[in-house]
Amino acid sequence: MDIAEVQSIHLYPVKAFRGLAPASAVVEPWGLAGDRRWTLVDAEGKVVTQREQPRLALAAAEPLAGGGVRLSAPGREPLTVEVPEPVATVPVSVFGTKVDAVPAAPEAHAWSSAYLDEDVRLVHLDDPATRRPIDPDYALPGETVGFADGYPLLVATTASLDALNSLIAEGSHAHEGPLPMNRFRPSVVVAGTEAWAEDDWARVSVGEVVFRVARPCGRCVVTTTDQDTTERGREPLRTLARHRKFGSSLVFGQYLVPVSGGTIRTGDQVRVLERRSGR
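For every chain, the first residue of its written sequence is number 1, and the numbers climb from 1 along that sequence. Selection of residues for local features in this predicted model requires a pLDDT of at least 70, selection of side-chain atom pairs for listing and counting requires 80 or more, and totals for whole chains, interfaces and linings are taken over all residues. Water and hydrogen atoms play no part in the side-chain values, which are based on all heavy atoms of the structure.

Turning our attention to the overall build of the protein chain. Along the backbone of the protein chain there are three helices and 19 strands. Rg of the C-alpha trace for the protein chain: 18 Å, near the compact-globule value of 19 Å for 279 residues, within the 12% margin. In terms of overall dimensions, the protein chain has a C-alpha envelope of 55 × 45 × 35 Å along the principal axes. Here a residue-residue contact requires only that any non-hydrogen atoms of the pair lie within 4.5 Å. Intrachain contacts of the protein chain at a sequence separation of at least 6 include 70% that bridge at least 24 residues. The helix count covers DSSP runs of H or I at least four residues long, the strand count covers runs of E at least two residues long, and both are numbered beginning at the N terminus. The globule rule is 2.2 Å times the number of residues to the power 0.38, and the radius of gyration it is compared with is taken over C-alpha atoms.

This is the structure we're talking about:
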């Protein structure tokens, strides 16, 4: 078998916006540096994602020095948003978990609301070290996460995507495939493994950085959203339900929590340090 290595790295400065693919990224305890420190919330303070607003896939956020972002989207003039001073916070609901965040400038709210045709606000997570603990059922004491769905990073493998696409090609919705990796919005994409090898990982190293594997990633309707057109289909959820259903979850990819810090780079070797099966 070929040596497993990082094929690509992805980060999402604003949750649910289009991702970036840098050649390297600094790993912080709560995720990749600059990843999902910003999010949109609705009038009730609930996080807005592609589940409700697939048009977010067409919006982009360029990270700026100091943590700010430059927002762009079809039909909108770009807008530079600076990190707000943490003089006051507002409660944000991330899938039922309450998190304190700092509102951006009013111009950011107006820009985002005009694009989505919905009353939304842009907020910033000022202190990821304390604001949002990971689900205690899968966390160690003190572990936190930013505005990612639940865990600091998500790893997926090219071999598993190839296997999934082969299964889609055999089904009644074969015309929807093959699907690209961006449907799954991973943090790290690994090449050189066998299909579904990541199911057995318990602890891995990516270059100099060690991660523990917290749990499998259950997939949602976002994976059915074409990230270039925002159109939705039936796949991959239809095929995952037939071949990758574990309990109530349709699984593709694994969540990672950093054990150590450092920098990961494309081309880094990925080593399995411990397997769930004990092998």
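Counting residues in each nonpolar core, the largest one holds 21 residues, and the members touching the most others are Phe17, Leu40, Leu71, Val81 and Leu122. Those elements giving two or more residues to this core turn out to be strand S4 (38-41), strand S7 (69-73), strand S8 (76-81) and helix H1 (106-116). The element that contributes the greatest number of residues to this core is H1, accounting for four residues. Setting aside its immediate chain neighbours within four residues, Leu122 contacts Val14, Trp38, Thr39, Leu40, Leu71, Val81, Val102, Pro103, Ala104, Ala108 and His109. The nonpolar core is taken to be a set of buried Ala, Val, Leu, Ile, Met, Phe, Trp, Tyr and Cys residues, with the residues joined through side-chain atoms within 4.5 Å. Whether a residue is buried, partly exposed or exposed follows from its accessible area with a 1.4 Å probe, protein chains only, as a fraction of its type maximum: under 20%, in between, or over 50%, in that order.

As a further point, take the environment of Ala60. With respect to the helices and strands, the residue Ala60 is situated in strand S6 (residues 60-63). Of the residues examined, Ala60 reaches a relative accessible area of 23% and is grouped as partly exposed. Between the C-alpha atom of Ala60 and that of Ala73, which follows or precedes it by 13 residues, the distance is 6.3 Å. Not counting the four nearest positions on each side in its chain, Ala60 is found in contact with Phe17, Arg70, Leu71 and Ser72.

The pairing criterion for strands is at least two bridges between them, as found by DSSP. Here we have three strands laid out as an open sheet, ordered S3-S2-S18, and antiparallel in their pairing. Of all the strands in the sheet, just strand S3 (31-32) and strand S18 (262-265) have a single pairing partner and so form its edges. Examined bridge by bridge, strand S2 (residues 24-28) and S18 share four bridges and lie antiparallel to one another. Bridge pairing in S18 places Ala25 opposite Ile264.

For side chains of opposite charge, pairing can occur when their charged atoms come near one another. Each reported salt bridge corresponds to a side-chain nitrogen of Lys or Arg within 4 Å of a carboxyl oxygen of Asp or Glu. Scanning all chains against the criterion turns up nine salt bridges. Across the salt bridge formed by Asp149 and Lys15, the nearest N and O atoms sit 2.5 Å from each other. Linking Asp149 in the loop between strand S11 (121-124) and strand S12 (153-157) with Lys15 in the loop between strand S1 (5-9) and S2, this pair joins segments that are 134 residues apart in sequence. Looking at Asp149, the relative accessible area reads 31%, which means it is partly exposed. On the basis of relative accessibility, which here comes to 4%, the residue Lys15 falls in the buried class. In this structure, Arg18 engages Asp228 in a salt bridge whose closest nitrogen and oxygen atoms are separated by 3.5 Å. Of this pair, Arg18 sits in the loop between S1 and S2 while Asp228 is found in the loop between strand S15 (209-218) and helix H3 (237-243), placing the two residues 210 residues apart along the sequence. Residue classification places Arg18 among the partly exposed positions, given a relative accessible area of 29%. Linked through salt bridges whose partners overlap, the residues forming this network are Lys15, Arg51 and Asp149.

What follows concerns the environment of Ala129. Relative to the elements of secondary structure, Ala129 occurs in the loop between S11 and S12. Put simply, Ala129 and Gly34 are 95 residues apart on the chain and 14 Å apart in space, counted from C-alpha to C-alpha. For Ala129, the residues in contact, after removing those within four places along its chain, are Trp30 and Thr144.

The end-to-end C-alpha distance of helix H2 (residues 158-169), which contains 12 residues, comes to 16 Å, matching closely the 16 Å that a straight helix rising 1.5 Å per residue would cover. Those residues of H2 that sit buried are Thr158, Ala159, Ser160, Leu161, Ala163, Leu164, Asn165 and Ile168. In a helix, the anticipated span is given by 1.5 Å times the number of residues less one.

This part covers unusual backbone geometry. Residues Gly177 and Pro178 are joined by a peptide bond in cis, for which omega reads -5°. Across the junction of Glu235 and Pro236, the peptide omega takes the value 10°, indicating a cis bond. Assignment of secondary structure puts Pro236 in the loop between S15 and H3. In this model, Phe95 sits at a positive phi of 50°, which is unusual for a non-glycine residue. Summarising the element assignment, Phe95 is placed in the loop between strand S9 (90-94) and strand S10 (97-103). Judged by its relative accessible area of 42%, Phe95 is partly exposed. In this structure, Asp117 takes a positive phi of about 55° despite not being glycine. If you trace the backbone, Asp117 turns up in the loop between H1 and S11. Asp117 gets classed as exposed once you look at its relative accessible area, which sits at 72%.

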